[in-house]
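Architecture and fold: a report
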Amino acid sequence: MTDSGLAAHRVRQTLRDFLSERVEAGDFVVLGVSGGADSLALASAAASIADELAVTFVPVIVDHQLQPGSAQTAETALRQCLGLGLTESRIFTVEVDSGSGDGLEAAARAARYTALRAVAAELGARAIAVAHTVGDQAETVLLRLARGSGSRAIAAMQPVAGDIWRPLLKLERSILRASLVHYGLVAHEDAHNEDPRFLRSRVRHELMPMLRDVLGHDIEASLAKTAELVGEDAEALDASAANIFKYSHIDGELDCTGFGPIPAAITRRVVRLWLLEKGASAAGLSRLHIESVHRLGVDPTVSGPVKVVGGIEVAVASGRLRVLN
């Protein structure tokens, strides 16, 4: 078997092993496809096991309209997916709100997932599969470490995160690229992936090569393993916090009087759960917001109210946090 054939076999086997425990005959699974190497590798592997699993894979090519020729790029990706036998393939054109304040990358990502979820809802799909690799995971860990993020963030991307599946998260990007040769596919090279204006691009093309040179070529796998281990710890802390939240959440308020002997790593999570329950957005809720509200609840020398994301204002009385109307 050729090198490209071996690569294709590895991608196919990885996808099969991941899906066999999670899908049933007759399911729909939406695929996020950009026309780039990683997502085309995912689509080609999916096409090769669709009949075996009796699953309908639906590649959705999202045209963000951010680059000249984006419509043509989407059409090319569509033709390649159709050529693989993925007859339900489609293009979804979106408008990206680049003035949202979160930056162009974040706005494009939000628009993309909104589109993928719209198609998944239409089909009643089991999940949305995307083609993140071990390299993407390593980059995410570094970016979040640089921001001083907590363990939940450093855990980075999980193989299963709600309706989002990442079946190829432990594979190297080079393997996915090599598999395309086996299928005779040519990937689109996104200019944004090479643009130094974007932080992830600089991490990928400047920082990661330096780290490989200094720390060894397995640095990506090591960072990804760190994310996996931290994720396990975060899950345990989240479970403890969820149990405490059940009895400290009283009449819409959060009773903090029993927090004293409990590690702050857990009680901060309890505060986060309460803020989410009160309508704060997970994306906008920062560590600073959570810590400020937590201090309000546990430190009698701190006076409120405290403002958090979404216009929510929190006050404290008799050891209970409450949202002001």
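Since this is a predicted model, take the numbers as computed values, not measurements. (Residues numbered from 1 in each chain as written. Predicted model: local features only at pLDDT ≥ 70, side-chain atom pairs only at ≥ 80, totals over all residues. Heavy atoms only, no water.)

So, on to the pattern of salt bridges. Enumeration according to the criterion identifies 20 salt bridges in this entry. Here E253 and R322 are joined by a salt bridge, their closest N and O atoms 3.1 Å apart. Here E253, found in strand β8 (residues 253–255), pairs with R322, found in strand β11 (residues 320–323); they are 69 residues apart in sequence, far enough to count as distant. The salt bridge partner of R287 is E291, with a shortest N-O separation of 3.0 Å. Of this pair, R287 and E291 both sit in helix α11 (residues 287–298), separated by four residues, roughly a single helical turn. R287 sits in the partly exposed class, given a relative accessible area of 42%. The class for E291 is partly exposed, based on a relative accessible area of 23%. Each of D38, D136, E139, R173, R200 and R204 takes part in a single network of salt bridges with overlapping partners. (Salt bridge = Lys/Arg side-chain N within 4 Å of Asp/Glu carboxyl O. Helix = DSSP H or I, 4+ residues; strand = E, 2+ residues; numbered from the N terminus. Buried < 20%, exposed > 50% of the residue type's maximum accessible area, 1.4 Å probe, protein only.)

The next subject is the sheet that holds strand β9 (residues 306–307). The strand order across the open sheet formed by five strands is β7-β8-β11-β10-β9, and the pairing between neighbours is antiparallel. At either end of the open sheet lies a strand with only one pairing partner, and these are β7 (249–250) and β9. On the sheet, helix α10 (residues 264–277) packs against β7, β8, β10 (313–317) and β11 and is oriented at approximately 170° with respect to β8. (Pairing = 2+ DSSP bridges. Contact = heavy atoms within 4.5 Å. Axes fitted to C-alpha atoms, helices over the stretch in contact; angles between N-to-C directions.)

Another point: the confidence of the model for the protein chain. In this model, the protein chain carries an average pLDDT of 89, and 97% of its residues clear a pLDDT of 70 or more. Considering each helix and strand of the protein chain separately, the mean pLDDT is smallest for helix α6 (residues 151–154), with a value of 75, and largest for strand β4 (residues 127–129), with 97. (pLDDT = per-residue confidence, 0-100.)

Further remarks concern the sheet that holds strand β3 (residues 90–93). Pairing is mixed in the open sheet, where six strands are placed in the order β3-β2-β1-β4-β6-β5. Looking along the sheet, the strands with just one partner apiece sit at the ends: β3 and β5 (160–161). Strand direction decides the pairing type here: strand β1 (residues 28–33) and β4, joined by three bridges, are parallel. Bridging from a neighbouring strand, V30 pairs with I128 of β4. Of the strands in this sheet, β1, β2 (56–63) and β4 are in contact with helix α2 (residues 37–53), which crosses β1 at around 155°.

Time to look at the nonpolar core. Core analysis: the biggest nonpolar cluster contains 38 residues, and L15, L19, L31 and F57 have the highest contact counts within it. Breaking this core down by element, the ones donating at least two residues are α1 (3–20), β1, α2, β2, α3 (70–83), β4 and α7 (173–183). If one sorts the elements of this core by residue count, α2 sits on top with ten residues. Core analysis: the second largest hydrophobic core is formed by 22 residues, I244, F259, V293 and L296 among them. (Core = buried A, V, L, I, M, F, W, Y, C linked by side-chain atoms within 4.5 Å.)

Bringing the packing of helix α9 (residues 219–248) against α10 into the picture now. Where α9 meets α10, the closest approach of the two axes is 8 Å, and the angle between their N-to-C directions is 65°. Relative to α10, α9 is oriented so that their crossing is right-handed. Residues A234, L237, D238, S240, A241, A242, I244, F245 and S248 of α9 form the contact with α10, whose own contacting residues are A265, I266, R269, V270, L273, W274 and E277. (Left-handed = near helix turned anticlockwise from the far one by under 90°.)

Turning our eyes to something else, we now look at the packing of α1 against α7. Axes are the key here: two packed helices are described by the angle between their axes and the distance separating the axes. Between α1 and α7, the least distance of the axes is 7 Å, while the angle of their chain directions is 115°. By the angle between their axes, α1 is roughly perpendicular relative to α7. For the pair α1 and α7, the crossing hand works out as left-handed. Residues S4, G5, A7, A8, R10, V11 and R12 of α1 form the contact with α7, whose own contacting residues are I175, L176, A178, S179, V181, H182 and Y183. When the residues that make up the contact of α1 with α7 are grouped by side-chain class, the tally is eight nonpolar, four polar and two charged. (Parallel < 35°, antiparallel > 145°, perpendicular 65-115°, else oblique. Nonpolar A, V, L, I, M, F, W, Y, C, P; charged D, E, K, R; others polar.)

Position of T133 among the secondary structure elements: in the loop between β4 and α5 (134–146). Judged by relative accessible area, which is 0%, T133 ranks as buried. Apart from residues no more than four positions distant in its own chain, T133 is found in contact with D38, L168, L169, L171, R173 and L176.

Our focus in this paragraph is unusual backbone geometry. The backbone phi angle of A54 is positive, close to 60°, even though this residue is not glycine. Considering the arrangement of structural elements, one finds A54 in the loop between α2 and β2. Within the chain, S318 stands out as a residue other than glycine whose phi angle is a positive 55°. Positionally, S318 belongs in the loop between β10 and β11. Since its relative accessible area comes to 75%, S318 is described here as exposed.

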